[in-house]
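Take a look at the letters that make up each chain.
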Amino acid sequence: MERPFIFINSAMSADGKISTKERKQVRISGNIDFKRMDQLRAGADAIMVGIGTVMADDPSLTVKSPELKKQRLEAGLDENPARVIVDSKARTPVDADIFKKGEGKRIILVSESAPHDKVAELKKKADVIITGKESVDLPAAMGQLRENGIKRLMVEGGATLNWGMISNGLVDEIYTFVGNLIIGGKTAPTFVDGEGSTEDNIIKMELLDAEKIEEGILLKWKVTGK
Ligand SMILES: NC(=O)c1ccc[n+]([C@@H]2O[C@H](COP(=O)([O-])OP(=O)(O)OC[C@H]3O[C@@H](n4cnc5c(N)ncnc54)[C@H](O)[C@@H]3O)[C@@H](O)[C@H]2O)c1
Ligand SMILES: Nc1nc(=O)c(N)c(NC[C@H](O)[C@H](O)[C@H](O)COP(=O)(O)O)[nH]1
C-alpha cells in the first residue's frame with residue numbers, strides 16, 4: 001500500500017535523551033531550531049506524535065508563525081497541518097491542547113482493543129482510524145493516511161513511536177537537533193526506545209547534512225534500512 005513521505009524531527013541532548021527521567025519536557029532547541037521546526041510543520045500535510053508525548057507535553061502541534069499560517073491559508077490549506085495521535089487505547093484526553101488550539105483536522109489512530117466509549121468520545125472531536133489488534137498497525141495506518149491525501153508526514157516522537165516507525169521501515173529521513181546539554185539517567189527517554197535491534201538488524205543510515213545551529217548541531221539522515 002502507498003504511504004506518505006515520512007520524516008522524524010526531534011531534539012535530543014548530547015547524551016541522546018529527549019526528556020528527563022521523569023519524562024518532563026526539556027527545552028533543547030534554541031530559537032533558530034524552533035523556527036526551523038515551525039517551517040517543517042508548515043510544509044507538512046500532517047504532524048504525528050504518540051500518546052506518551054500527548055500525556056507528557058500536551059503539545060498543540062500548531063504552526064506558530066503568522067506568516068507561515070497566512071501562506072498556508074493562501075494556498076487553500078488549513079492554517080495547521082492535520083494533527084495525528086497514535087493512541088492504541090484511545091486515552092487522548094478530550095481537553096487536550098491538540099483539540100483546543102488552532103484550526104485543522106485531527107486524526108486519532110486507535111487499535112481494536114480501544115474501549116468503545118472512549119472511541120465514541122474521540123469521534124466527536126476527531127477522525128478516528130482503527131487498525132491493529134492491541135497496538136496500532138502502523139504500516140496499515142500510514143496507508144490509510146496516504147489515502148486521506150497525506151503525502152508528507154512529520155513525526156515529532158516520542159521515543160517509543162520513533163522505534164515503532166523506524167523498525168517498520170516507515171521512515172525516509174531523520175532530522176535530529178543535538179543540544180548543548182547533558183540530561184543523563186538510565187530511564188530517561190532516548191531518541192529511540194522500544195524493543196531495539198539485535199546485532200543483525202541494526203538500522204543503517206546515510207548522512208545527508210550536519211549544520212551547527214547556535215550551540216547545537218543539526219544532523220540530517222536518510223534511512224537506508226537494515
Ligand atoms: N525532545 C523531543 O524532540 C521530543 C519529542 C517528542 C516527545 N518527547 C518526549 O518523549 C516522551 C514521550 O515518549 P514515549 O516513548 O513515552 O511515548 P510516545 O510519544 O512515543 O508514545 C508511545 C505510545 O504510542 C502508542 N502506540 C500505539 N501503537 C504504537 C506502535 N505500533 N508503536 C509504538 N507506539 C505505539 C503506545 O501507547 C505507546 O506507548 C515525553 O517525555 C516527551 O517529552 C521529546
Ligand atoms: N524540536 C523540539 N525541540 C525541543 O527542545 C523539544 N523539547 C521538543 N519537544 C517535542 C514536542 O515537539 C513539544 O512537546 C512541542 O513542540 C510543544 O510545543 P507545541 O505546543 O507543539 O508547539 N521538540
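Definitions and cut-offs
- Residues numbered from 1 in each chain as written.
- Chains lettered and ligands numbered in written order.
- Predicted model: local features only at pLDDT ≥ 70, side-chain atom pairs only at ≥ 80, totals over all residues.
- Heavy atoms only, no water.
- UniProt positions renumbered as here; feature names shortened; annotations may be inferred.
- Helix = DSSP H or I, 4+ residues; strand = E, 2+ residues; numbered from the N terminus.
- Buried < 20%, exposed > 50% of the residue type's maximum accessible area, 1.4 Å probe, protein only.
- Phe/Tyr/Trp six-rings, centres within 6.5 Å; stacked < 30°, edge-to-face > 60°.
- Lys NZ or Arg CZ within 6 Å of the ring centre and 35° of its normal.
- Near = heavy atom within 4 Å.
- Polar contact = N/O pair within 3.5 Å; in protein donor to acceptor, adjacent residues only side chain to side chain.
- Areas by Shrake-Rupley, 256 points an atom, 1.4 Å probe, with all protein chains shown as cover.
- Salt bridge = Lys/Arg side-chain N within 4 Å of Asp/Glu carboxyl O.
- Pairing = 2+ DSSP bridges.
- Axes fitted to C-alpha atoms, helices over the stretch in contact; angles between N-to-C directions.

Taking an unreviewed UniProt entry as the reference, the protein chain is identified by name as 2,5-diamino-6-(ribosylamino)-4(3H)-pyrimidinone 5'-phosphate reductase belonging to Methanolobus profundi. Regarding the protein chain, the relevant UniProt record gives this comment under Subunit (unreviewed entry): "Homodimer." Taken verbatim from the UniProt record of the protein chain, the Pathway (unreviewed entry) comment is "Cofactor biosynthesis; riboflavin biosynthesis."

Summarising the element assignment, Thr 53 is placed in helix H2 (residues 51-57). A relative accessible area of 14% places Thr 53 in the buried class.

As enumerated under the stated definition, the model contains 2 aromatic pairs in all. Ring centres of Phe 7 and Tyr 175 lie 5.3 Å apart, and the angle between their planes is 35°; on these two criteria the pair is classed as tilted. Remark: Tyr 175 occurs in strand S7 (residues 173-178) and Phe 7 occurs in strand S1 (residues 5-12); sequence separation between them is 168 residues. By relative accessible area, Tyr 175 is classed as buried at 7%. If you follow Lys 220 out to its NZ or CZ, it ends over the ring of Tyr 175, 5.7 Å from the centre.

The local shell around ligand 1 holds 24 residues, among which Ser 19, Thr 53, Asp 57, Ser 88 and Thr 160 are the closest. In this structure, Val 136 approaches ligand 1 through a main-chain N or O atom, which is 3.1 Å from a nitrogen atom. The separation between an oxygen atom of ligand 1 and a polar main-chain atom of Gly 158 is 3.0 Å. Out of a free accessible area of 860 Å², ligand 1 has 85% covered by protein chains.

With that settled, the discussion passes to the pattern of salt bridges. All chains considered together, the criterion is met by 11 salt bridges. A salt bridge links Arg 36 to Asp 33; the shortest N-O distance between them is 2.7 Å. Here Asp 33 and Arg 36 lie together in helix H1 (residues 31-42), a separation of 3 residues that amounts to about one turn. Each of the two residues, Arg 36 as well as Asp 33, counts as buried. Between Glu 134 and Lys 89 there is a salt bridge, with the nearest N and O atoms lying 3.3 Å from each other. Here Lys 89 lies in the loop between strand S3 (82-86) and helix H4 (97-100) and Glu 134 lies in the loop between strand S5 (127-130) and helix H6 (138-147), a separation of 45 residues in the sequence.

Turning to the UniProt feature "domain: Bacterial bifunctional deaminase-reductase C-terminal" (unreviewed entry) in the protein chain, a few remarks are in order. Taken from the UniProt record, the annotation "domain: Bacterial bifunctional deaminase-reductase C-terminal" (unreviewed entry) applies to residues 4-219. A helix fraction of 27% and a strand fraction of 24% characterise residues 4-219, whose end C-alpha atoms lie 22 Å from each other.

Once that is clear, we can look at the pairing of strand S6 (residues 152-155). In terms of strand pairing, S1 meets S6 through 4 bridges, oriented parallel. Residue pairing across strands places Ile 8 opposite Val 155, the latter belonging to S6. In terms of strand pairing, strand S2 (residues 46-50) meets S6 through 3 bridges, oriented parallel. For Met 48, the partnering residue across the bridge sits in S6 and is Val 155.

With that out of the way, let us pick up the sheet that holds S2. As summarised here, the arrangement of the 9 strands in space is S5-S4-S3-S2-S6-S1-S7-S9-S8, forming an open sheet in which the pairing is mixed. Only two strands of the sheet have a single neighbouring strand rather than two, namely S5 and strand S8 (204-213). When the angles between neighbouring strand axes are averaged without regard to direction, this sheet yields 20°. Sheet topology note: the S8/strand S9 (residues 216-225) ladder contains 9 bridges and is antiparallel. Bridged to Asp 209 within S9 is Lys 220.

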